[in-house]
Amino acid sequence: MTTRTLQQVISALPTSDGAGVKLLRSLGQAQTLRLDPFLMLDEFSSMNADDYIAGFPAHPHRGFETVTYMLDGHMLHQDHLGNKGDLKSGGAQWMTAGRGIIHSEMPQQESGRLRGFQLWINLPAIEKMKPASYQDIQPEEIPLLNLQNGAQLKVIAGTANIDGQVTPGPIQGLSTEPLFLDVHLPAGEHFVHPISQGHNAFVYIYEGLADVGSITEIDPLVTHAVGVLSDGDQLEVHAGQGGANFLVLAGKPIGEPIVQSGPFVMNTRDEIEQAIADYRNGQLTGVSN
Ligand code: FE
């Protein structure tokens with residue numbers, strides 16, 4: 001087995017999006033800071049309603065997928081197709097914008113903690129104009145594995161493989177073959193997991209510290225930072241003092257040019273112009289909007 005090592009650290013920067021939701025952006029903070037097929041990773045976490053209450057009122061997307069994973073709180077998704085999705089602590093929403101979706105994502109609480117992540121995953125050219133779809137994933141649909149060393153593992157997408165014991169998550173069959181795990185690792189413990197050779201992979205620590213990969217001279221990966229991994233066929237994480245809670249993401253690179261303008265991610269400038277024109281003309285989604 002070849003263990004992947006830490007190649008690059010992308011520390012999250014504070015920013016705001018939507019109608020003024022405060023968040024931490026790691027991947028996607030600059031167009032050079034992506035990891036094919038992953039375009040962006042935002043973490044939102046606040047006890048202060050002023051940081052999130054304005055939410056994300058109606059806005060468009062075209063050409064990629066958005067994945068929202070909630071740790072704490074309650075958000076409501078509504079889209080032009082008439083879908084309504086209630087996103088609660090421990091649940092996820094996997095939305096394929098395809099040719100176009102217009103949706104809103106609004107907090108359904110006026111106090112308390114709102115905490116979670118939004119990940120953007122690119123689509124290959126051949127799928128960018130497919131019909132929009134989305135999947136609401138309830139907390140109980142996400143497998144929770146308790147490992148012998150006290151680690152806990154949730155499988156949101158792809159298939160977990162712990163010592164040959166496979167556990168499929170609710171999201172399967174996508175062309176980018178995403179693996180999305182949420183791991184809680186006690187202090188001093190190891191987590192080892194296979195990752196397909198040739199797939200791009202990163203770890204994002206949202207609580208604690210950990211060593212990622214087997215190169216001991218690299219400092220521990222700190223909280224709120226993406227650790228981009230080298231190629232290899234397995235991932236190894238060693239939690240520091242106090243343990244570590246982290247996301248593991250891996251996916252098959254698409255290898256196509258990316259032209260992005262805000263919520264539109266296409267292959268060429270012409271396709272972006274078309275997306276903007278379609279949105280202005282009410283043609284983004286292919287149904288009147
Ligand atoms: Fe959105």
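Residues numbered from 1 in each chain as written. Predicted model: local features only at pLDDT ≥ 70, side-chain atom pairs only at ≥ 80, totals over all residues. Heavy atoms only, no water.

Draft legend 1. Looking closely at empty space enclosed by the protein. Tallied over the full model, the rule gives 2 cavities of 30 Å³ or more. Size it by volume and the largest cavity reaches roughly 40 Å³. The wall of the largest cavity is formed by T68, M75, L76, H77, L87, Q93 and E105. It is strand β7 (residues 74-79) that contributes the most residues to the lining of the largest cavity, 3 residues altogether. The residue makeup of the lining of the largest cavity, split by class, is 3 nonpolar, 3 polar and 1 charged. Taken as a whole, the second largest cavity holds about 30 Å³ of empty space. Split by residue class, the lining of the second largest cavity holds 4 nonpolar, 3 polar and 2 charged. (1 Å grid on protein atoms, 1.4 Å probe; cavity = no way out; pocket = protein on both sides within 12 Å on 5 of 7 lines; lining within 4 Å. Points joined across faces, edges and corners; volume = space filled by probe spheres on them. Helix = DSSP H or I, 4+ residues; strand = E, 2+ residues; numbered from the N terminus. Nonpolar A, V, L, I, M, F, W, Y, C, P; charged D, E, K, R; others polar.)

Draft legend 2. Region of interest: the sheet that holds strand β2 (residues 13-17). Taken in spatial order, the 7 strands line up as β2-β3-β4-β11-β6-β9-β12 in an open sheet, and their pairing is antiparallel. Looking along the sheet, the strands with just one partner apiece sit at the ends: β2 and β12 (133-137). The sheet shows a mean angle of 20° between the axes of neighbouring strands, direction not considered. Relative to strand β4 (residues 38-46), strand β3 (residues 21-25) runs antiparallel, the two being bridged by 2 bridges. Directly across from L24, in β4, lies its bridge partner E43. (Pairing = 2+ DSSP bridges. Axes fitted to C-alpha atoms, helices over the stretch in contact; angles between N-to-C directions.)

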